[in-house]
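Spelled out from the first residue to the last, the chains are:
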Amino acid sequence: MTVTEDAAAVAPAKEVGQPRRRKEDARLITGRTTWTDNMVLPGMLHLAVVRSPVAHARITAVDVSAAQQAPNVVAVFTGRDLAEEQGSIPCAWPVTPDMVNPGHPSIAVDQVNHVGEAVAIVVGRSKAAATDAVELVDVDYDLLPPVLDLEEAVADGSGLVHDQLASNTSYHFVFDAGDAGTGADTEQAFADAEVVVSRRFVQQRLIPAFMEPRSVVVQPQGENYTMWSATQVPHVLRVMAAMVTGIPEHKLRVIAPDVGGGFGGKLQVNPEEILCLLLARRLGKPVKWTETRSESLMAAHHGRGQVQFIDIASDRQGNVKGLRVRLLADMGAYLRLITPGVPALGAFMFPGIYKFPAYRFECDGVFTNKVPTDAYRGAGRPEATFAVERIMDELAVELGMDPLELRRKNWIQADEFPFTTVAGLEYDSGDYEQATREALELLGYDELRAEQKRRRESGDPVQLGIGFSTFTEMCGLAPSRVLGSLSYGAGGWESASIRMLPTGKVEVVTGSTPHGQGHETAWSQLVADQLGVPFEDVEVLHGDTAISPRGMDTYGSRSLVVGGTAVVKAAEKVVAKARKVAAHLLEASEDDLEFADGKFAVRGTPGATVGIQEIALAVFAAHNYPEDIEPSIDAEATFDPVNFSFPHGTHLCAMEVDTDTGMVKIRKYACVDDVGTIVNPLIVEGQIHGGLAQGIAQALYEEAVYDADGNLTTGSFVDYLVPTAADLPHFDTATTVHAAPGNPIGAKGVGEAGCIASTPAVVNAALDAVRHLGVSDILMPLTPERVWRAIRTGGDGGARATAGTNAYGGAQTESTAGVATPASELGGDR
Amino acid sequence: MTSINVRVDGASYSDDVEPRTLLVHYLRETLGKVGTVVGCDTSNCGACTVHLDGEAVKSCTVFAVQADGSEITTIEGIAGGDGALHPVQKAFHEMHGLQCGYCTPGMIMASIDLLKENPSPSETEIREGIEGNLCRCTGYQNIVRAVQQAAGEMSGATGGQA
């Protein structure tokens with residue numbers, strides 16, 4: 001112990017709120033990274049997957065003899081070889097008690113249900129050897145007609161994806177505010193309404209398209225297994241993989257090393273992860289599987305994929321009276337981890353920021369012969385936000401009102417928080433008017449409206465439109481009891497622990513596993529403030545179930561809100577434990593101690609202080625500590641939130657539409673987001689930017705297109721249009737701050753905001769530019785062809801491309817030729 | 001197998017390679033230069049960008065045998081001998097031009113090449129100059145800022161801001 005001079009030192013600046021440059025960058029900008037595919041182990045074997053080239057077929061024969069004879073091939077496995085031990089990919093979210101889950105084999109045994117489904121695995125001494133031999137596996141398929149279109153799939157007489165089931169409907173999920181006691185009778189509200197507007201919107205299929213392809217390495221060690229995987233969810237994966245394979249949980253360690261993005265796409269228990277475990281167990285050798293990009297786009301789960309029937313009721317003055325939502329949600333061929341839950345999660349967000357007195361939501365989860373859908377950035381909430389922000393514009397047009405005035409008339413006022421919505425959620429805090437006012441200023445709204453008028457009057461071929469999205473979302477997933485009430489298979493808590501090392505350095509263990517979000521930096525900032533230690537003295541450990549034994553990982557904008565709070569709670573416990581030691585060392589009463597800037601001081605006794613880092617050494621030596629405690633000030637905490645948090649904001653897009661060519665160009669994009677207290681403004685801004693890019697890309701560029709035979713025609717980055725730097729505008733971003741009352745940090749979550757808010761702002765802007773030309777909807781993505789056709793012929797722009805072209809449908813592979821469906825005869829399924 | 005001699009990040013290597021081996025696979029699997037990564041199989045993403053005799057190339061579009069006799073620089077070889085970061089590396093850190101970091105090696109190598117060709121690019125020139133490299137995390141705005149900042153530093157001026 002040292003008693004230091006009571007120097008009038010300036011208190012160090014608070015770390016929270018500082019734009020700290022990221023600790024993670026040191027390895028990422030120098031190439032000293034630990035991506036899973038970098039891993040090389042002695043004797044490691046490489047897997048290559050033989051995938052189905054057809055969407056729907058019975059497997060009648062699989063001949064692997066030629067592949068087995070190929071040079072440097074060690075073994076070849078078929079679905080039949082693994083049928084007894086593969087179990088089913090787990091679905092953790094049975095959203096209704098009678099939800100139908102046909103089971104999801106990791107490798108097909110008798111039947112394939114989507115293009116890209118695994119049918120055999122080649123194990124080679126090198127990746128090249130295994131890949132070469134894939135071509136030698138001969139599979140005979142007895143083709144079945146594919147089920148591709150959602151509306152046809154639920155129509156009477158549709159073919160079945162799974163012929164052992166009664167229909168293609170997995171579940172029918174209903175939330176009715178009248179029944180729930182959170183709102184009035186919806187049917188009555190519509191019956192009484194002066195104005196009803198009904199629209200059908202389409203949420204196209206998207207592909208998460210994380211930059212690092214999925215990769216898995218499994219090392220068997222006796223009866224223990226270590227799995228490295230490019231996953232967002234090592235903790236969830238460990239539990240689930242143990243349950244699927246029968247490997248006892250305590251014999252399985254899962255490590256997520258550096259992970260190159262996820263966006264929900266790596267929130268999964270992947271068939272390939274299970275297969276790697278099974279084969280490492282069979283072969284007793286380390287195995288590695290790394291996908292190609294084409295495999296990733298084809299076989300990793302997709303997102304979105306909904307047909308939305310939206311009805312809104314109001315009076316003539318624009319006071320909304322009711323909202324009715326009916327969804328067809330594309331499950332794909334199987335239910336993966338939270339496939340059915342994604343649209344159900346969205347159920348609670350369709351009312352948005354508006355005071356609807358009545359609300360009813362119905363959703364059918366529908367099987368199709370496509371790769372399963374699951375979480376993708378926003379997961380349910382972008383779909384809901386799109387629908388409500390689009391229908392508000394349509395209602396404004398119907399009423400002849402300014403779309404912003406209509407919103408303002410109906411949104412929750414700042415003095416009404418906390419506000420319980422018609423969906424039963426308690427919105428925590430915010431000020432929609434303030435965010436909107438600031439966003440209008442940031443955009444330069446009045447000048448752009450004036451320019452729009454000039455262009456309209458002069459008949460300029462380039463028209464200008466302005467689109468609004470005044471949104472909120474539910475973040476901080478999630479209160480465990482609420483998840484339980486929604487039949488989700490796990491909780492939503494998060495865990496953290498803090499280890500005080502003898503030299504005063506600090507190890508923070510978090511159960512929230514980052515893959516680009518900057519946890520190492522932000523958690524260091526939190527702990528630096530809580531413990532009064534230098535930012536540089538904190539190391540954040542994560543992503544390894546042996547190091548971080550408890551966790552729920554990273555998704556749903558939960559890391560800071562839930563995981564960060566667990567860190568703060570653990571730090572509070574460290575301080576509480578250290579206080580007892582400090583009192584002992586300073587020979588003072590605990591009640592007389594003040595803790596600030598990392599030091600305990602005795603009130604009224606200048607000079608009597610001891611630092612928390614010194615206490616760490618004192619309890620390590622353990623020569624002198626209070627008799628009634630253990631010699632440790634380490635602590636752990638688990639935080640289970642009692643409510644979600646609700647970021648909100650106003651996003652404005654000004655869009656130029658060239659009516660001669662159909663080209664759209666974002667002239668200006670401005671947004672003001674309220675994500676609560678900001679721990680690191682640099683990271684927050686980066687998250688907003690990245691979210692905007694993905695939300696804008698849904699509006700303008702991206703779509704997973706299947707042809708009439710169920711082939712993914714956007715199967716590489718040539719066709720699946722992840723935007724480049726040249727495709728995106730500069731973003732003008734700002735924030736307002738209304739702290740979240742539900743956690744001590746005050747954070748609301750920022751990971752998904754930009755992605756959720758931006759899509760409807762962009763589409764509303766394009767429609768605002770051409771609505772006077774008779775256009776009231778254009779399907780996403782707003783390709784020049786669709787925009788051009790909508791302007792020329794009215795309607796929604798139609799399918800992605802002209803009939804007969806590859807993207808439209810009718811494209812056939814040699815193996816699918818001759819399998820005619822009504823859709824393929826028409827030249828397309830869309 | 002074909003014999004090749006290359007210099008990579010300042011060291012000389014002699015290896016026998018299959019004629020079909022791509023340069024990126026040679027770098028990663030034979031030399032252990034795993035800082036350079038693979039992000040696609042159609043030469044769209046640029047994650048594998050390295051410098052071949054001073055020019056940025058996507059190392060998935062070059063056969064290892066084509067690099068015979070060449071000087072290759074990867075992300076692992078651009079910092080100074082004393083470990084001092086290259087101005088572009090430093091700028092990506094300063095301007096938060098990366099999140100998950102998977103595209104970053106290629107993005108930095110492409111940006112260095114861009115600045116060699118055009119030492120003071122406009123925002124549009126930067127956006128078009130790095131068009132061959134995909135990033136899924138950042139929305140590119142901070143990458144543009146980073147390149148502007150690096151341009152300023154490399155030309156001796158104070159850092160530019162977006």
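This structure is a prediction, so every number in the text was calculated from the model and none was measured.

A. Looking closely at the overall build of chain A. When you go through chain A residue by residue, the secondary structure sums to 23 helices and 28 strands. For chain A, whose C-alpha radius of gyration is 28 Å, the value lies close to the compact-globule estimate of 28 Å for 830 residues. Referenced to the eigenvectors of the C-alpha coordinate spread, the extents of chain A come out at roughly 90 × 75 × 50 Å. Looking at chain A as a whole, 61% of its 830 residues qualify as buried. Long-range pairs, those at least 24 residues apart, make up 79% of the contacts in chain A between residues at least 6 apart in sequence.

B. Summary view of the packing of helix H8 (residues 234-245) of chain A against helix H9 (residues 271-283) of chain A. Residues and elements named next belong to chain A. Their axes nearest at 11 Å, the elements H8 and H9 cross at an angle of 55°. When the axes of H8 and H9 are compared, the pair comes out oblique. Like other packed secondary-structure pairs, H8 and H9 cross with a definite hand, here right-handed. Contacts between H8 and H9 pair Leu237, Ala241, Val244 and Thr245 from the former with Glu273, Ile274, Leu277 and Leu278 from the latter. For the contact of H8 with H9, the per-class residue count stands at six nonpolar, one polar and one charged.

C. How the structure looks around the nonpolar core. Residues and elements named next belong to chain A. Counting 313 residues, the largest nonpolar core has Ile121, Val122, Val527 and Ala766 as its most contacted members. Here the element with the most residues in this core is helix H18 (residues 559-586); it accounts for 14 residues. Once residues within four sequence positions are removed from consideration, Ala766 is found in contact with Gly465, Met655, Val657, Val664, Ile778, Leu782 and Val787.

D. Region of the structure containing the domain arrangement of chain B. All names here are of chain B. Domain assignment breaks chain B into domain 1 (2-77) and domain 2 (87-154). Each partner contributes to the interface: domain 1 provides 15 residues, whereas domain 2 provides eleven residues. Secondary structure elements with two or more residues in the side of domain 1 that touches domain 2: strand E3 (49-52) and strand E4 (55-58). Examining the composition of the side of domain 1 that touches domain 2, we find that three residues originate from one element, E3, more than from any other. Class assignment of the residues belonging to the side of domain 1 that touches domain 2 gives a composition of seven nonpolar, seven polar and one charged.

E. Seen up close, the sheet that holds strand E3 (residues 73-78) of chain A. Residues and elements named next belong to chain A. Reading across from one edge, E3-E5-E1-E12-E9-E10-E11 is the order of the seven strands in this open sheet, with mixed pairing throughout. Looking at strand neighbours, the two that pair on one side only are E3 and strand E11 (252-255), the edges of this open sheet. Pairwise comparison of adjacent strand axes, ignoring direction, gives a mean angle of 20° for this sheet. Judged from the two bridges that link them, strand E1 (residues 45-51) and strand E12 (residues 287-290) form a sheet pairing that is parallel. Along E12, the bridge assignment pairs Leu45 with Val287. Sitting on the sheet, H9 touches E1, E3, strand E5 (118-124), strand E9 (215-221), strand E10 (224-229) and E12, and the angle it makes with E9 is about 30°.

F. The confidence of the model for chain A, seen in detail. With 95% of its residues at a pLDDT of at least 70, chain A reaches an overall mean of 94. Note on residues 1-11 of chain A: pLDDT is under 50 here. Beyond four places in sequence and across chains, it has 13 contacts.

G. Representation of H18 of chain A. Residues and elements named next belong to chain A. For H18, which comprises 28 residues, the first-to-last C-alpha distance of 38 Å matches the rise-based estimate of 40 Å (1.5 Å per residue) to within 8%. Buried residues dominate H18, accounting for 21 of its 28 residues. Where H18 terminates, the next one or two residues include Glu587, which has phi positive at roughly 55°.

H. Structural context of the pairing of strand E15 (residues 359-367) of chain A. Residue and element names in this part refer to chain A. Counting buried positions along E15 yields eight of nine residues, so the element is predominantly enclosed. With seven bridges connecting them, strand E7 (residues 169-176) and E15 associate as antiparallel partners. Bridging from a neighbouring strand, Tyr171 pairs with Gly365 of E15. Inspection of the sheet shows strand E14 (residues 320-332) paired to E15 by nine bridges, in the parallel sense. Following the sheet pairing, Leu323 is matched in E15 by Tyr359. Handedness of the crossover joining E14 and E15 through helix H11 (residues 341-346): right-handed.

I. Main features of the UniProt feature "domain: Aldehyde oxidase/xanthine dehydrogenase a/b hammerhead" (unreviewed entry) in chain A. In this numbering, the UniProt entry assigns the feature "domain: Aldehyde oxidase/xanthine dehydrogenase a/b hammerhead" (unreviewed entry) to residues 30-145 of chain A. Across residues 30-145 of chain A, the secondary structure splits into 15% helix and 30% strand, with the terminal C-alpha atoms separated by 51 Å.

J. Spatial organisation of the domain arrangement of chain A. Residues and elements named next belong to chain A. Here the domain parsing of chain A yields domain 1 (428-472 + 644-801) and domain 2 (493-639). The gap between the C-alpha centroids of domain 1 and domain 2 is 42 Å. Its residues placed into classes, the side of domain 1 that touches domain 2 shows six nonpolar, five polar and two charged.

K. Summary view of the interface of chain A and chain B. With 39 residues of chain A at the contact, the number on the chain B side is 43 residues. Among the elements of the structure, helix H1 (25-28), helix H10 (293-299) and helix H20 (681-700) of chain A are those that each provide at least two residues to the side of chain A that touches chain B. At six residues, the largest contribution of residues to the side of chain A that touches chain B is made by H20 of chain A. Each residue belonging to the side of chain A that touches chain B can be placed in one class, and the counts come to 17 nonpolar, 16 polar and six charged.

L. Highlighting the sheet that holds strand E20 (residues 506-510) of chain A. All names here are of chain A. Taken in spatial order, the four strands make up an open sheet running E21-E20-E19-E25, and their pairing is mixed. Lying at the two open borders of the sheet, with one neighbouring strand each, are strand E21 (538-541) and strand E25 (635-639). If you compare each strand with its neighbour and ignore which way they point, the axes differ by 20° on average.

M. Representation of the environment of Val642 of chain A within the structure. All names here are of chain A. Mapped onto the elements, Val642 comes out in the loop between E25 and strand E26 (648-658). C-beta crowding within 10 Å serves as the criterion here: with 11 such atoms nearby, Val642 is assigned to the exposed category. Along the sequence, Val642 and Ile412 sit 230 residues apart, while their C-alpha atoms lie 22 Å from each other. Those residues in contact with Val642 that lie beyond four places of it in its chain are Pro479 and Gly742.

Conventions we followed
- Residues numbered from 1 in each chain as written.
- Chains lettered and ligands numbered in written order.
- Predicted model: local features only at pLDDT ≥ 70, side-chain atom pairs only at ≥ 80, totals over all residues.
- Helix = DSSP H or I, 4+ residues; strand = E, 2+ residues; numbered from the N terminus.
- Rg over C-alpha atoms; globule rule 2.2 N^0.38 Å.
- Buried ≥ 20, exposed ≤ 12 C-beta atoms within 10 Å, placed from the backbone.
- Contact = placed C-beta atoms within 7 Å.
- Axes fitted to C-alpha atoms, helices over the stretch in contact; angles between N-to-C directions.
- Parallel < 35°, antiparallel > 145°, perpendicular 65-115°, else oblique.
- Left-handed = near helix turned anticlockwise from the far one by under 90°.
- Nonpolar A, V, L, I, M, F, W, Y, C, P; charged D, E, K, R; others polar.
- Core = buried A, V, L, I, M, F, W, Y, C linked by C-beta atoms within 7 Å.
- Domains from an automatic or database assignment.
- Pairing = 2+ DSSP bridges.
- pLDDT = per-residue confidence, 0-100.
- Expected span 1.5 Å × (residues − 1).
- Right-handed = clockwise from strand over helix to strand, strands pointing away.
- UniProt positions renumbered as here; feature names shortened; annotations may be inferred.

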